[in-house]
Amino acid sequence: MAPAISISLNDSSDVTDFVIKQGHGVKGLSERGIKSLPEQYIQPLEERLMTRIEPQESIPVIDMSKWDDAQVANSICDAAEKWGFFQVVNHGVPLQVLDDVKKATYGFFGLPAAEKIKYSKENSSSNNVRFGTSFTPQVEKALEWKDYLSLFYVSDEEAAALWPPVCKDQILEYMKSSKFLIDHLLQVLMKRLNVNEIDETKQSLLTGSVRTNINYYPICPNPELTVGVGRHSDVSTLTVLLQDNVGGLYVRGNEGEDSWIHVPPINGAIVINIGDALQILSNGRYRSVEHRVTANGSSNRISVPIFVNPRPQDMIGPLPETLANGEKPIYKQVLYSDYVKHFFRKAHDGKKTVDFAKFTN
């Protein structure tokens, strides 16, 4: 049993020290049996409420067993245009790999705080390996109920040297096993944009950098008062998301500002999110999906997204093929690293980041 909590929940500096500086995370708070949510985690009412929940039957689920079927390709592109996300089954990533990465996620977050804190912003030997909590605590008015480990992939050698031993092999295998799925999805999506061949330059632009997060959402004493992750869209080209069987992922629906759809877990399925980079590259034809995660009062939840991105030094803007018929560009050319820095300088705020790349009148 965890020791009795020895911090004052009414003292924000005490909580911050325990959660962030000592490396216990919100997992540490949860495991000490707190009965009420610390004040800094209480979100504004407008961030908590979802006034309209759409029926789940509308969610696109695509069977990838027939990779080359034209109907499958159309379903992928249609979902990317209309929804900005879809779930895939029979996707070619071995179920054992998915199970192993889930176990490895629990393995890392089960480490003592003294082990996890080695990978914090202040202590990590590399900016490419980062253990943290919430999103960007220094700029958030209210914190999110989540701990995470973020791993930016450079090479197998760097991963072997710097990533936590308890999870590095499983995460690398998950990334490698997902490559065929990612490449196939992008080939299909590019063809609808009149890009018939993904050459080396475009491949780098679409998938030049990869980052994986492992996320932990512990049981929350007042889940109705906070969020696991606030409203946002990813800055990626594509996000390949593995979620467990707990649920709690919601995406923005098509029926107005207040409509949300719960994305129920499907055993063995992977969620594919269209990211901002692909929205910009497609000149808005594909749309990044706004999504959020609720906190849970009875179960711990984990998720493992792979973010497939342009390289930091790449310029992103509408691909020439999307403008070949005289279509007016919606977005300007922006340095991808500038776009990402803009995203991380502020709290989650829906899809406002994409405005950074829009032409202004």
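Residues numbered from 1 in each chain as written. Predicted model: local features only at pLDDT ≥ 70, side-chain atom pairs only at ≥ 80, totals over all residues. Heavy atoms only, no water.

Identification of the protein chain as trans-4-coumaroyl-CoA 2'-hydroxylase from Acer negundo is taken from an unreviewed UniProt entry. Looking at the Sequence similarities (unreviewed entry) heading of the UniProt record, one finds this comment for the protein chain: "Belongs to the iron/ascorbate-dependent oxidoreductase family." Among the UniProt annotations of the protein chain, the heading Cofactor (unreviewed entry) holds the following wording: "L-ascorbate". (UniProt positions renumbered as here; feature names shortened; annotations may be inferred.)

**Student:** Teacher, can you tell me more about the nonpolar core here?
**Tutor:** By size, the foremost hydrophobic cluster in this structure holds 70 residues, and its most contacted members are Met-64, Ile-76, Leu-149, Tyr-174, Leu-181, Leu-189 and Ile-272. Among the elements that make up this core, the one with the highest residue count is helix 8 (residues 168-192) (11 residues). Apart from the residues within four sequence positions on either side, Met-64 is in contact with Val-72, Ile-76, Val-88, Val-89, Asn-90, His-91, Leu-181, His-184 and Leu-185. In terms of nonpolar packing, the next biggest core, distinct from the first, is built from 13 residues, Ile-59, Tyr-217, Val-251 and Val-293 among them. (Core = buried A, V, L, I, M, F, W, Y, C linked by side-chain atoms within 4.5 Å. Buried < 20%, exposed > 50% of the residue type's maximum accessible area, 1.4 Å probe, protein only. Helix = DSSP H or I, 4+ residues; strand = E, 2+ residues; numbered from the N terminus. Contact = heavy atoms within 4.5 Å.)

**Student:** What's the story with the packing of aromatic side chains in this structure? I'm lost.
**Tutor:** One pair of aromatic rings is described through two measures. These are the centre distance and the angle between the planes. Under the criterion given, the structure shown has 13 aromatic pairs. Between Trp-83 and Phe-85 the ring centres are 6.5 Å apart and the planes differ by 90°, which places this aromatic pair in the edge-to-face class. The buried category is assigned to Phe-85, whose relative accessible area is 0%. Judged by centre distance (5.1 Å) and plane angle (80°), the rings of Phe-343 and Phe-344 are edge-to-face. The buried category is assigned to Phe-343, whose relative accessible area is 7%. Among the aromatic residues, those joined into a ring-pair cluster are Tyr-106, Phe-108, Phe-109, Tyr-119, Phe-131 and Tyr-216. One residue, Lys-27, lies across the ring of Tyr-216, its end atom 5.7 Å from the ring centre. Its guanidinium or amino end placed over the ring of Trp-260, Arg-292 lies 5.0 Å from that ring's centre, counting from NZ or CZ. (Phe/Tyr/Trp six-rings, centres within 6.5 Å; stacked < 30°, edge-to-face > 60°. Lys NZ or Arg CZ within 6 Å of the ring centre and 35° of its normal.)

**Student:** Can you walk me through the packing of helix 5 (residues 95-109) against helix 8 in this structure?
**Tutor:** Helix packing geometry: the angle between the two helix axes and the distance between the axes. Interaxial distance between helix 5 and helix 8 falls to 9 Å at its minimum, and their mutual angle equals 145°. At the point where helix 5 passes helix 8, the crossing takes the left-handed sense. Mapping the contact onto sequence places Val-97, Leu-98, Asp-100, Val-101 and Ala-104 in helix 5 and Gln-170, Ile-171, Glu-173, Tyr-174 and Ser-177 in helix 8. By residue class, the composition of the contact of helix 5 with helix 8 is 6 nonpolar, 2 polar and 2 charged. (Axes fitted to C-alpha atoms, helices over the stretch in contact; angles between N-to-C directions. Left-handed = near helix turned anticlockwise from the far one by under 90°. Nonpolar A, V, L, I, M, F, W, Y, C, P; charged D, E, K, R; others polar.)

**Student:** Hey, could you run me through helix 9 (residues 200-207) in this one?
**Tutor:** For the α-helix, the turn length of 3.6 residues means that residues three or four positions removed from each other point alike. When helix 9 is considered as a whole, its buried residues turn out to be Lys-202, Ser-204, Leu-205, Leu-206 and Thr-207. Looking at the buried residues of helix 9, the elements they touch are helix 8, strand 6 (209-217), helix 10 (276-281), strand 13 (301-309) and strand 14 (315-316). Of the residues that open helix 9, the one with a side-chain oxygen 3.2 Å from the backbone nitrogen of Thr-201 is Asp-199. (Polar contact = N/O pair within 3.5 Å; in protein donor to acceptor, adjacent residues only side chain to side chain.)

**Student:** What is the right way to read the pairing of strand 10 (residues 259-262) from this model?
**Tutor:** Strand residues, when the strand is regular, have side chains that alternate between the two faces of the sheet. The alternating pattern of strand 10 places Ser-259 and Ile-261 on one face and Trp-260 and His-262 on the opposite face, and all of these are buried. Bridge analysis of strand 9 (residues 249-252) against strand 10 gives 3 bridges, and the strand direction is antiparallel. Note that in strand 10 the partner of Val-251 across the bridge is Ile-261. (Pairing = 2+ DSSP bridges.)

**Student:** Could you clarify how one ought to interpret the environment of Gln-170 in this entry?
**Tutor:** Assignment of secondary structure puts Gln-170 in helix 8. In this structure Gln-170 comes out as partly exposed when scored by relative accessible area, which is 27%. Along the primary structure Gln-170 and Thr-105 are separated by 65 residues, whereas in three dimensions their C-alpha atoms are 9.1 Å apart.

**Student:** Hey, could you run me through the side chain of Ser-282 in this one?
**Tutor:** Relative to the assigned elements, Ser-282 resides in the loop between helix 10 and strand 12 (291-293). Assessed through its relative accessible area of 1%, Ser-282 is described here as buried. Here Gln-279 takes part through its backbone oxygen, which lies 3.1 Å from a polar atom of the side chain of Ser-282. Of note is the side chain of Ser-282, whose polar atom sits 3.0 Å from the backbone nitrogen of Tyr-286. With residues near it in sequence (within four places) discarded, Ser-282 still touches Leu-193 and Thr-322.

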